[in-house]
Amino acid sequence: MKRIFSGVQPSGNLHLGNYLGAIRRFVDLQSDNDCIYCVVDLHAITVWQDPAELRRRTREVTAGYLAAGIDPEKSIIFNQSQVAAHAELAWVFNCVTRLGWLNRMTQFKDKAGKNREKASSGLYVYPNLMAADILAYKGTHVPVGEDQKQHLELTRDIAQKFNNDFGVEFFPIVEPLIQGTATRVMSLRDGTKKMSSSDPSDAARINMTDDADAVAKKVRRATSDSELLPDASVVGAEGQFTAAFREARPEAANLLTIFAALTNRDLAEVVTEFEGKGFADFKQAMTEVAVAGLGHMGAEMKRMVDDPGYVDSVLREGAERARALADPVLAEVYDIVGFLRP
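First, a word on scope: everything that follows refers to the structure included in this document. Here the residue index of a chain counts from 1 through its sequence in written order. In keeping with the predicted nature of the model, local features appear solely for residues at pLDDT of at least 70, side-chain atom pairs appear and are counted solely at 80 or more, and the whole-chain, interface and lining totals rest on all residues. The side-chain numbers reported here are obtained from all heavy atoms of the structure, hydrogens and water having been left aside.

## Section: the overall build of the chain
Moving on, step 1. Working definition: helices are DSSP H or I runs of at least four residues, strands are E runs of at least two. Numbering for both runs from the N terminus. Scanning the chain for helices and strands turns up 15 helices and five strands.
Moving on, step 2. The quantity called the radius of gyration is restricted to C-alpha atoms. Its globule counterpart is 2.2 Å times the number of residues to the power 0.38. Over its C-alpha trace the chain gives a radius of gyration of 21 Å, about what one expects of a compact globule, namely 20 Å for 342 residues.
Moving on, step 3. For the C-alpha atoms alone, the extent of the chain along its principal axes is close to 70 × 45 × 45 Å.
Moving on, step 4. For every residue, the accessible area obtained with a 1.4 Å probe (protein chains only) is divided by the maximum for its type, and the residue is called buried under 20%, exposed over 50%, and partly exposed between those limits. Scored against the burial criterion, the 342 residues of the chain give a buried share of 50%.
Moving on, step 5. We call two residues contacting when some pair of their heavy atoms lies within 4.5 Å. Nonlocal contacts in the chain, meaning residues at least 24 apart in sequence, comprise 75% of its contacts between residues at least 6 apart.
Moving on, step 6. Residue exposure ignores everything except the shown protein chains as possible cover, and the areas themselves are Shrake-Rupley values with a 1.4 Å probe. Counting every atom, the chain has about 15,900 Å² of accessible surface; 49% of that belongs to carbon and sulfur.

Below, the structure written as C-alpha cells:
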C-alpha cells in the first residue's frame, strides 16, 4: 500500500479551499492507502500565534477532519507537536539541506515579503520540517496543491542527498498526488485571489463551520459577471479551464470549478449543462449543492469543538500510533548519522 502523509495548519479558520483542496481528498484516499493526517501546529508557529487560539484551532482542524469523514480507525490523526520525531529529524535535515536550495523557495519570499530580515528562522527552514513530517514515516505519496509542489521537490532532494551522503537506500523518493478539480479555490469576492482565512471579508470564503443559511447567503452574493455561461470550448485537454478563460472571467471560472468539485463531476460536463444560462440559474443550483454538501459538516464541527473530549482522545491515540511508526525510523537515522546512544 502507498503510505500517504499530509497535514493542515491550525493558523486560521478552515474554509472551502481547505476542504476541496485537501481534506475531502484525504477522505477519498483512506480506503485504499495507509494514511497519516497531521495537524501541523509546529509549522503554525513560524509566525506568531496566540497560544489559546492555537489550541482552539488545533481542535477545530481535527474536528474538520472528523466531520468531513476521516475515520480515526482507518487513518492516523494527531497534532505534530505530540510526536518529537518531527522536530528531531528536522534538525538532521537542517544539516543536510543546502542554503542554496532554501534560497530558491518562493513561498518564504512571498510570506516574508519586504520584512525578510524580521521573519523567523523557522519560516526559512519550514521546508526541512515538512520533509521531516513526511520522511519520519517513510511516506511514499503526498497529496499537494500547486503551491506546495516546490517544497515536495525539496523533500525529494533531501531524501536523495541523505541516502547519497551515507551510502544507504533508507528514505523513499516521495511522489506527489495532485488530483481533483479544485486544487486551488479562489475568493468568492475576487476570483484572482486565493481563498484565505486571513481575508478581512468573511464573505470571501465559506468557512467549514458555516451553517446552511450562511453557506447559502455567501453563494448567492458571490461575485460573478454579466455574461452568459460559456460552452465547453473553454475547457482544455487536461480537463481544466484554459488560461485565457481564467484570465478573462476569473469569477466564472472559480464558481464553475467549485460546483464541479462539490458534485464530483468533470468541468466539461458542468459547463455543458449550464451553457448559455445566466448566473441566477447557476447560483440557485450551486446554493442547493453547497448547502447539501457543507451544511451538515458545519453543525458537526461546532458540536465537537464545543465538547472537545472526543477530539482530544482522537489526537492522543493518534499520536501514540504515530510515535510507534516514527520513533524506529528516527532511531535508524541516528545510527546512520553516527550518534552514540549507549
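Resuming the write-up.
## Details of a positive patch on the surface
Moving on, step 1. The patch calculation keeps residues exceeding 30% relative accessible area without a salt bridge and links them within 9 Å when they carry like charges or within 5 Å when they are nonpolar (Val, Leu, Ile, Met, Phe, Trp, Tyr). A carboxyl oxygen of Asp or Glu within 4 Å of a side-chain nitrogen of Lys or Arg is what we treat as a salt bridge. Note that His is not counted, nor are the chain ends; the positive residues are Lys and Arg, and the negative ones are Asp and Glu. Note on charges: their place is set at NZ of Lys, CZ of Arg, CG of Asp or CD of Glu. The grouping of R189, K217, R220 and R221 at the surface amounts to a positive patch.
Moving on, step 2. Inspection of the secondary structure assignment puts R189 in the loop between β5 (175-177) and α10 (212-221).

## Observations regarding the packing of aromatic side chains
The geometry of an aromatic ring pair comes down to the distance between the two centres and the angle between the two planes.
Moving on, step 1. We call Phe, Tyr and Trp rings a pair once their centres come within 6.5 Å, taking the six-membered ring for Trp, and we label the pair stacked below 30 degrees between planes, edge-to-face above 60, and tilted otherwise. Under the definition given, this model contains 16 aromatic pairs.
Moving on, step 2. Seen in terms of ring centroids, F274 and F282 are 5.0 Å apart; in terms of plane orientation they differ by 85 degrees. Their pairing is edge-to-face. The same class applies to F274 and to F282, which are both buried.
Moving on, step 3. Ring centres of F279 and F282 lie 6.2 Å apart, and the angle between their planes is 85 degrees; on these two criteria the pair is classed as edge-to-face. Separated by three residues within a single helix, F279 and F282 lie in helix α14 (residues 279-306), roughly one turn from each other. Accessibility assignment for this pair places F279 and F282 in one class, buried.
Moving on, step 4. Cluster of aromatic residues (ring-pair linked, three or more members): F93, F162, F166, F170 and F171.
Moving on, step 5. Both a distance and an angle decide whether a charge sits over a ring: NZ of Lys or CZ of Arg must be within 6 Å of the ring centre and within 35 degrees of the ring normal. Looking at K138, its charged tip hangs above the ring of F170, at a distance of 3.8 Å from the centre.

## Thoughts on the side chain of S6
Moving on, step 1. Mapping S6 onto the fold places it in strand β1 (residues 3-8).
Moving on, step 2. A relative accessible area of 8% means that S6 is categorised as buried.
Moving on, step 3. If sequence neighbours within four positions are ignored, S6 has contacts with F26, I36, Y37, C38 and P143.

## Focus: the environment of F166
Moving on, step 1. Within the secondary structure, F166 sits in helix α9 (residues 149-166).
Moving on, step 2. Taking the relative accessible area as the measure of exposure, F166 reaches 34% and is therefore partly exposed.
Moving on, step 3. Among all residues touching F166, those that are not within four sequence positions of it are I336 and V337.

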